[in-house]
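Chain by chain, the residues run as shown.
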Amino acid sequence: MKWIKVALVAIPLALNFAASSANAQDFPKGPVKIIVPFPPGGPTDTVGRLLAQKLQETWGQTVVLDYKPGAGTTIGVDFVAKAPPDGLTIGMVNSSFSVNPTLRKKLPYDTQKDLAGVTQLFNMQLAIVARPDAPFNNLKELIEYARKNPGKLNYGTPGPGSSTHLGAELLKREAGFDMQHIGMKGSAPAHTELMGGRLDLVVDPFLSILPYVQSGRMKVIATMGDKRVAGYDYPTVGDTLPGFNVGALLGFIAPAGTPKHILLKIQSDTAKALATVDVQKRAQDFGLQVVGSRPEQFDAFIGGEIKRWGRIVTEAKSNRNRKYKKCTCNLNHCTKFLQQRPAALT
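Each chain has its residues counted from 1, following the order in which its sequence is written. Totals for whole chains, interfaces and linings use all residues, but because this is a predicted model, local features are given only for residues with pLDDT of at least 70 and pairs of side-chain atoms are given and counted only at 80 or more. Derived side-chain values reflect all non-hydrogen atoms in the structure, with water molecules and hydrogen atoms excluded from consideration.

A. Just the packing of aromatic side chains, in detail. Pairing of aromatic rings covers Phe, Tyr and Trp, the last counted by its six-membered ring, and requires centre-to-centre distances within 6.5 Å; plane angles under 30 degrees mean stacked, over 60 mean edge-to-face, and any other angle means tilted. Using the criterion set out here, one finds five aromatic pairs in the structure. Ring centres of phenylalanine 27 and tryptophan 59 lie 5.4 Å apart, and the angle between their planes is 80°; on these two criteria the pair is classed as edge-to-face. With phenylalanine 27 in the loop between helix H1 (2–26) and strand E1 (32–36) and tryptophan 59 in helix H2 (residues 43–59), this pair connects stretches of sequence that are 32 residues apart. Comparing phenylalanine 27 with tryptophan 59, the two get one shared label, buried. Ring plane angle 10° and centroid distance 6.1 Å describe the contact between tyrosine 232 and tyrosine 234, whose orientation is recorded as stacked. An aromatic cluster of three or more residues is present, and its members are Phe206, Tyr232 and Tyr234. Across the ring face of phenylalanine 79, the terminal group of lysine 68 is positioned such that the distance to the ring centre comes to 4.5 Å. By the criterion adopted, a ring carries a charge over it if an Arg CZ or a Lys NZ lies within 6 Å of its centre and within 35 degrees of its normal. The ring of tryptophan 309 has arginine 308 sitting right over it, with the charged end atom 4.8 Å from the ring centre. We count a stretch as a helix when DSSP gives it H or I for four or more residues in a row; a strand needs E for two or more, and each element gets its number in order from the N terminus. Buried residues are those whose accessible area, probed at 1.4 Å on protein chains only, stays under 20% of the maximum for their type, while exposed residues exceed 50% and partly exposed ones sit between those limits.

B. Focus on helix H8 (residues 206–214). Here H8 lies mainly inside the structure; seven of its nine residues are buried. Of all the positions in H8, only Phe206, Leu207, Ser208, Ile209, Leu210, Tyr212 and Val213 are classed as buried. One or two positions beyond H8, positive phi appears at glycine 216, with a value near 85°.

C. Local environment of the packing of helix H7 (residues 187–195) against H8. Here, axes are lines fitted to C-alpha atoms. For helices the fit covers the stretch in contact, and angles between N-to-C directions go from 0 to 180 degrees. Direction vectors running N to C along H7 and H8 enclose 35°, while the axes themselves pass 11 Å from each other. Every pair of crossing elements has a handedness; the one defined by H7 and H8 is right-handed. On the side of H7, the interface is formed by Ser187, His191 and Met195, while H8 contributes Ser208, Ile209 and Tyr212. Of the residues that constitute the contact of H7 with H8, the class distribution is three nonpolar, three polar and no charged. Left-handed describes a crossing in which the near helix is turned anticlockwise from the far one by less than a right angle; the clockwise case is right-handed. Two residues form a contact once any of their heavy atoms are found within 4.5 Å. Throughout this entry, Asp, Glu, Lys and Arg are counted as charged residues, while Ala, Val, Leu, Ile, Met, Phe, Trp, Tyr, Cys and Pro are counted as nonpolar. The remaining residues, Gly among them, count as polar.

D. The arrangement of the pattern of salt bridges in detail. Any Lys or Arg side-chain nitrogen located within 4 Å of an Asp or Glu carboxyl oxygen qualifies as a salt bridge. Taken as a whole and judged by the stated rule, the model has 16 salt bridges. For lysine 172, the salt bridge goes to aspartate 178, with nearest N and O atoms at 3.4 Å. Overall, aspartate 178 belongs to the buried group, its relative accessible area being 4%. With its nearest N and O atoms 2.9 Å apart, the salt bridge here joins glutamate 296 to arginine 294. Exposure remark for glutamate 296: the relative accessible area of 40% places this residue in the partly exposed category.

E. Spatial organisation of the pairing of strand E7 (residues 201–205). Of all five residues making up E7, five are buried, and the element is well covered by its neighbours. Two elements, strand E4 (residues 115–130) and E7, share five bridges in a ladder whose sense is antiparallel. The residue bridging alanine 130 from the neighbouring strand is leucine 201, located in E7. Between any two strands, at least two bridges found by DSSP are needed for them to pair. The sheet contact formed by strand E5 (residues 154–157) and E7 spans two bridges and is parallel. Within E7, the residue paired with tyrosine 155 across the bridge is leucine 201.

Here it is, written out as C-alpha cells:
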C-alpha cells in the first residue's frame, strides 16, 4: 500500500514539473522589453543591444531596449517592479541597484521584495581618467598633487550614489586626500565636461572611457579592481593601496512573482548568448568579465552588495575626524555626497 501512496503523490508532482517545463519552452508568447534605466549610447548600450539581438533570435519574438533613465536608475527599476510578473519585462541594472537601498531612504520599491534576480551578466572594472595634460600620470602623483593643492580638484561620475561615486569617496578616505564630487546625468556628459576642462577627473566604468583613452583624449590614472583589466596593462589602485577593490556589475532583473521556470528560461538563454563568440569577443574588447549566474546566485550577490555598500556609507557618515561644509561647485548637476562635503585634507 505504501508504494501506491507514493505513486499517487508522485504523479501530480511529475505533472506539475512537466507543465512547468512545457510552459518554459513556450516562453515568451509575445514581445519582450528590456528596461534600461540609464541613457542610451556607449559600450553598455552596445552590449545590451547585442544580447537583445541574441535573445530575439533564440525566442523568435521581438526583444527591444526601452530606455527609462533618471533618479539614479530608480525610475526604470520602479517600472520593472510594477510590471506584470510574466517575464515579458526584464530590467537591466548596474551597481546603483545595490547602492540605492542605502543612499535613498524613500525608494518607490523594495529592492529585495519587489524584484527578483535573473542573472548577473558581467563584472565591470572602474577607472579613474584625466585629460592628457593633467599634472599627474598615476595615482601616487594624483594623491601628492591633491594634498599640495587642497580644494582644487574635482571629479565627475555618471551620477550620485553610483559605485563610481562611492568608490571614489572610499578612495579619498583610504588615501587621505580630497576632491569635490560633481554628479552628472550619465557618462556622456561627464566625458564632455572632462574634455572641455570643467572637470579634472572622471570615474567611470572602464568600457565607457576606453574609446577616449585609445584615441588619446583621456589617460588612465588607475583602474579600481584588485586585478588589471584583462588584455590591458593599466595600473590598479591596489598597486598603491594594497587590498583596495571596487568594481561594478551589469545584470538582469524581473518583477517579484515571476514564475521560477520563466526566470530559469531567461537565465539559461541569456547564458547561451553570453557564451557566443561575438559576445565573448565584445566583452573582452571592453574589459568585461562574463558571469551568467543563476537567479538564486544573483539574488545572494545583490544581498551581499547591499550590506557591503551599507557598511561603507555608514563608516563615511560616522567619520568624526573630518569637518564638513556645504558644496559650492557651479555645475548644474552638482550633488552632495551624503549631503555633506569633506573639507580639504592636509
